[in-house]
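A look at the structure
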Amino acid sequence: MNKKLGFLGFGTLFGFTLSRVGASDFDLIMGMFVGRDYTLVGVIGLAIIVGAIGMQLLKRSQRPVKNGEPLKISEKKLGPWSLLGAGLFGIGWGLSGACPGTVLAQLGEGKIFGFFTFFGMIFGTYIYARLKEKHPSL
Amino acid sequence: MIAILYERIFVDPWPFWAGGIIIGLLVPLLYYFYNTALGVSTGYGNLVKIFLPARHLQWIKTKYSETWSWRVYFIGGIILGGFISSALSGNLGFTAEMGRFTALVGWGAFAGAVYFFTGGLLLGLGARIAGGCTSGHSIHGISNLHLSSILATIMFLIGGIISANLIRITLMGGAW
């Protein structure tokens, strides 16, 4: 299967699921952070458990993945500023009631304020690219 | 019978477990089919290259040599998925509504736009410095038991708890 078309398909499933389960709902994300609605704690928590079981099965099967390559799991390394960045991300998550995936589902749902979160994300990524020129350790 | 099924899948909000199972399955499925880690925020670098004059920046040059990579298609798919969800549930169209923000914070459209733009800016900048977002770190990373992702997720949650509570107390009058 063509990789780009495949990702279009998996992306559609992802966006549809985020929207159906309410992850693109401002109130559910706010509710999670202020301790009033634990729907998304359940979604994220169960996703981690299901993902972990699936990955264990995939690793133990010791078969190459579909295109014949050996399974190659990418681990994210922490740089000196990573945890500070994660804190900034968290503040943005709590303010906007969205994360990089769910804001995309909001666009599809036609939520106008979501477009501003989306443009802000592109601009924030652009600021990172500019900062990275002078500060390679970021 | 078919009407009830349609209602359950396309109209009613899903129970948390349905979302958790499907999203969790994406992690091993993307490895199985494409040997690729689930992740969304890295693709915003592609969007920077598409929408902003940034081709001269070294980071964009080296990391985003292919402008229209699979990441852009994944992003497009997520938008499409939200659109399909909205259309099939009978809520098609644009809305200025944003839950408790529009219900409780008495700000005009401009202030609201600045507010969400600021939140997005912190998400974009923070995700790149952290090296990932909710999908890449929290779901993909913790599924693979990576310590870096566990630590990043703890910081995501601390940041979110601080800002959401501040907003609730200051702008929403402490109500819920």
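All values derive from a computational prediction rather than experimental measurement.

Quick notes on the rules
- Just so you know, the residues in each chain are numbered from 1, in the order the chain's sequence is written.
- The naming scheme follows written order: chains are lettered A onward, ligands numbered 1 onward.
- Local features are withheld for residues below a pLDDT of 70 in this predicted model, meaning they are given only at 70 or higher, and side-chain atom pairs are given and counted only at 80 or more; totals for whole chains, interfaces and linings count all residues.
- Going along the chain from the N terminus, every DSSP run of H or I of four or more residues is numbered as a helix, and every run of E of two or more is numbered as a strand.
- With C-beta atoms placed from the backbone, a residue counts as buried when 20 or more other C-beta atoms lie within 10 Å of its own, as exposed when 12 or fewer do, and as partly exposed for counts between those limits.
- Each residue gets a C-beta atom placed from its backbone, and two residues are in contact if those atoms lie within 7 Å.
- In predicted models, pLDDT denotes the confidence assigned by the predictor to each residue on a 0 to 100 scale.
- What a helix should span is 1.5 Å times the count of its residues minus one.
- Note that the domain bounds were set by an automatic or database domain assignment.
- Put simply, a nonpolar core is buried Ala, Val, Leu, Ile, Met, Phe, Trp, Tyr and Cys residues tied into one set by C-beta atoms within 7 Å.
- In this classification, the charged set is Asp, Glu, Lys and Arg, the nonpolar set is Ala, Val, Leu, Ile, Met, Phe, Trp, Tyr, Cys and Pro, and all remaining amino acids, among them Gly, are polar.
- The convention used is that axes are lines fitted to C-alpha atoms, helices contributing only their stretch in contact, and that angles between N-to-C directions extend from 0 to 180 degrees.
- Small angles under 35 degrees read as roughly parallel and large ones over 145 as roughly antiparallel, with 65 to 115 read as roughly perpendicular and the rest as oblique.
- The crossing is said to be left-handed when, going from far helix to near helix, the turn is anticlockwise and less than a right angle, and right-handed when the turn is clockwise.

**Quick word on the overall build of chain A**
Assigned secondary structure in chain A consists of six helices and zero strands. What you see in chain A, going N to C, is helices and strands ordered as α-α-α-α-α-α. Overall, chain A is about 45 × 40 × 30 Å in size when its C-alpha atoms are taken along their principal axes. The buried share among the 138 residues of chain A stands at 53%. Taking as baseline every contact in chain A between residues at least 6 positions apart, the subset at least 24 positions apart corresponds to 41%.

**As for the overall build of chain B**
Check the secondary structure of chain B and you find nine helices and zero strands. In chain B, the succession of helices and strands from N to C terminus is α-α-α-α-α-α-α-α-α. Once the C-alpha set of chain B is aligned to its principal axes, its extents read approximately 45 × 45 × 35 Å. Looking at the 176 residues of chain B, the share that counts as buried comes to 51%. Summarising the internal contacts of chain B: among those between residues at least 6 apart in sequence, 50% fall at separations of at least 24.

**Quick look at the confidence of the model for chain B**
On average, residues of chain B carry a pLDDT of 96, and 100% of them reach 70 or more. Across the assembled chains, the prediction reports ipTM 0.97 with pTM 0.97.

**Quick word on helix 9 (residues 147-170) of chain B**
Taking 1.5 Å as the rise per residue, helix 9 of chain B with 24 residues should run 34 Å; its terminal C-alpha atoms sit 35 Å apart, in good agreement. Those residues of helix 9 of chain B that fall on the buried side of the exposure criterion are Ser148, Ser149, Ala152, Thr153, Met155, Phe156, Gly159, Gly160, Ser163, Ala164, Ile167 and Arg168 of chain B. On its buried face, helix 9 of chain B is in contact with helix 2 (26-33) and helix 4 (82-96) of chain A together with helix 7 (109-130) and helix 8 (134-143) of chain B.

**Side note on the environment of Glu133 of chain A**
Looking at where Glu133 of chain A falls in the secondary structure, it is placed in helix 6 (residues 112-134). When neighbours within four sequence positions are excluded, Glu133 of chain A is seen to be in contact with Leu57 and Gln58 of chain B.

**Re helix 3 (residues 44-51) of chain B**
Here helix 3 of chain B lies mainly inside the structure; six of its eight residues are buried. Listing the buried residues of helix 3 of chain B in full gives Tyr44, Gly45, Asn46, Leu47, Val48 and Lys49 of chain B. Looking at the packing, one finds that the buried side of helix 3 of chain B touches helix 6 of chain A together with helix 4 (58-63), helix 5 (70-88) and helix 7 of chain B.

**Brief notes about the domain arrangement of chain B**
Looking at the assigned domains, one finds that chain B contains domain 1 (1-94) and domain 2 (97-176). One C-alpha centre belongs to domain 1 of chain B, the other to domain 2 of chain B; they are set 19 Å apart.

**Side note on the nonpolar core**
Soluble, globular proteins show a tendency: their nonpolar side chains are buried together. Within the largest apolar cluster, 88 residues are counted, with the highest numbers of intra-cluster contacts made by Ile29, Val43 and Phe89 of chain A together with Leu122 and Ile139 of chain B. Split by domain, this core shows at least three residues from each of two domains, domain 1 (1-94) and domain 2 (97-176) of chain B. If near-sequence neighbours (up to four positions away) are discounted, Val43 of chain A is found in contact with Val21 and Ala23 of chain A together with Phe16, Gly19, Gly20 and Ile23 of chain B.

**Quick notes on the interface of chain A and chain B**
On the chain B side, the residues contacting the 102 residues of chain A number 108 residues. Where the side of chain A that touches chain B is concerned, the elements lending two or more residues are helix 1 (3-21), helix 2, helix 3 (39-61), helix 4, helix 5 (102-109) and helix 6 of chain A. With 19 residues, helix 6 of chain A is the largest single contributor of residues to the side of chain A that touches chain B. Residue composition of the side of chain A that touches chain B, grouped by class: 54 nonpolar, 31 polar and 17 charged.

**With respect to the packing of helix 1 of chain A against helix 2 (residues 16-34) of chain B**
One way to put it is that helix 1 of chain A packs onto helix 2 of chain B with a least axis distance of 9 Å and a crossing angle of 165 degrees. Taken as axis vectors, helix 1 of chain A and helix 2 of chain B run roughly antiparallel relative to one another. The interaxial crossing formed by helix 1 of chain A with helix 2 of chain B has left-handed handedness. Touching Lys3, Gly6, Phe10, Leu13, Phe14, Thr17, Arg20 and Val21 of chain A of helix 1 of chain A are Phe16, Ala18, Gly19, Ile22, Ile23, Leu26, Leu30, Phe33 and Tyr34 of chain B, all from helix 2 of chain B. In terms of residue class, the contact of helix 1 of chain A with helix 2 of chain B is made up of 12 nonpolar, three polar and two charged.

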